[in-house]
Amino acid sequence: MSELRRALIFGRFQPFHFGHLNVVKWALNDFDELVLLVGMADESHTLLNPFTAGERIWMIREALKAEHVDLSRIITATVPTMSVYVGHAFYIINLVPKVNAIITRNPVIAQVFSDAGLEVISPPEFDRSKYRGSHIRKLMLEDEEWESLVPKTVAEIIHRLDGVDRLRRAASRD
């Protein structure tokens, strides 16, 4: 069996949006497989992390299926909340199948994984002013249009979960 070229994409995916989808499609041009690592998997129902790890994996999978992405090229994994330092980068590298590179625009993540020996690849921006989880969650809270920023299947899942109300409850104060 020949060795596959595999990259790691590390994110919270709160929620999975078109920026994420574009990075996945872009990366599949250069890699045989991608490991999508869902971070902060032990946090949910908060303002920063409204969706569970399982819900985020569901969103990712349904969005990729709808876009006809070959799911045999996608591996999903989760990691709990942890501080960012090179020791945790080594932990993550050993948590997932062997990867050749990490795809990230985050300079701190890039540095610790570079120090751990991975090639760091910075993807194109894909309009980060619109495609940011924090921006999308803010639109949800302000009852503004957000559905056009996520794949249709993701919007459907969020509505099924009553995700906007969940986010509002997380933002409310006692």
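Up top is the structure.
Residues numbered from 1 in each chain as written. Predicted model: local features only at pLDDT ≥ 70, side-chain atom pairs only at ≥ 80, totals over all residues. Heavy atoms only, no water.

## Some remarks on the packing of aromatic side chains
Reasoning step 1: One pass over the structure, following the stated rule, counts three aromatic pairs.
Reasoning step 2: Relative to Phe113, the ring of Phe10 has its centre 6.4 Å away and its plane inclined at 75°; by these criteria the two rings are edge-to-face. Taken together, the positions of Phe10 in strand E1 (residues 6-11) and Phe113 in helix H4 (residues 107-115) put the pair 103 residues apart, joining distant regions of the chain.
Reasoning step 3: What makes Phe10 partly exposed here is its relative accessible area of 26%.
Reasoning step 4: We classify Phe113 as buried; its relative accessible area is 2%.
Reasoning step 5: Centre to centre, the rings of Phe18 and Tyr131 are 6.2 Å apart; their planes meet at 75°, and the pair counts as edge-to-face. Of the two residues, Phe18 sits in helix H1 (residues 18-27) while Tyr131 sits in the loop between strand E5 (119-121) and helix H5 (133-141), which places them 113 residues apart along the sequence.
Reasoning step 6: Residue Phe18 is classed as partly exposed on the basis of its relative accessible area, which comes to 22%. (Phe/Tyr/Trp six-rings, centres within 6.5 Å; stacked < 30°, edge-to-face > 60°. Helix = DSSP H or I, 4+ residues; strand = E, 2+ residues; numbered from the N terminus. Buried < 20%, exposed > 50% of the residue type's maximum accessible area, 1.4 Å probe, protein only.)

## What about helix H3 (residues 86-95)?
Because each turn of an α-helix spans 3.6 residues, side chains separated by three or four positions end up pointing in the same direction.
Reasoning step 1: Those residues of H3 that sit buried are Ala89, Ile92 and Ile93. Taken around the axis of H3, the buried residues stretch over an arc of 100°, which confines them to a single face.
Reasoning step 2: Elements that come into contact with the buried residues of H3 comprise E1, strand E2 (33-38) and H4. (Arc of directions from axis to C-beta. Contact = heavy atoms within 4.5 Å.)

## Notes on the environment of Ala53
Reasoning step 1: You can see Ala53 is positioned in helix H2 (residues 53-66).
Reasoning step 2: Residues in contact with Ala53, not counting those within four places in the same chain, are Val38, Ala41 and Thr78.

## Details of the packing of H3 against H4
Reasoning step 1: Packing of H3 against H4 leaves a shortest axis separation of 8 Å and a crossing angle of 70°. When the interaxial angle is binned, H3 and H4 end up roughly perpendicular. Across the interface between the two elements, Val86, Ala89, Phe90, Ile92 and Ile93 from H3 touch Val112, Phe113 and Asp115 from H4.
Reasoning step 2: Partitioning the contact of H3 with H4 into residue classes produces seven nonpolar, no polar and one charged. (Axes fitted to C-alpha atoms, helices over the stretch in contact; angles between N-to-C directions. Parallel < 35°, antiparallel > 145°, perpendicular 65-115°, else oblique. Nonpolar A, V, L, I, M, F, W, Y, C, P; charged D, E, K, R; others polar.)

## With respect to the pairing of strand E3 (residues 74-78)
Reasoning step 1: Bridging between E2 and E3 involves five bridges; their strand directions are parallel. Directly across from Val35, in E3, lies its bridge partner Ile75.
Reasoning step 2: Each parallel crossover has a hand, and the one from E2 via H2 to E3 is right-handed. (Pairing = 2+ DSSP bridges. Right-handed = clockwise from strand over helix to strand, strands pointing away.)

## A few points about the side chain of Gln14
Reasoning step 1: By the secondary structure assignment, Gln14 is in the loop between E1 and H1.
Reasoning step 2: There is a polar contact of 3.0 Å between the side chain of Gln14 and the backbone oxygen of Phe51.
Reasoning step 3: Aside from chain neighbours lying at most four places away, what touches Gln14 is Leu48, Asn49, Pro50, Phe51, Arg56, Gly133 and Arg137. (Polar contact = N/O pair within 3.5 Å; in protein donor to acceptor, adjacent residues only side chain to side chain.)

## Thoughts on the pairing of E1
Reasoning step 1: Burial runs high along E1: five of the six residues are buried.
Reasoning step 2: In this structure, E1 lies alongside E2, joined through six bridges in parallel fashion. Looking across to E2, one finds that Arg6 is bridged to Glu33.
Reasoning step 3: Handedness of the crossover joining E1 and E2 through H1 is recorded here as right-handed.
Reasoning step 4: Bridge analysis of E1 against strand E4 (residues 101-103) gives three bridges, and the strand direction is parallel. Paired with Ala7 across the strands is Ala101, a residue of E4.

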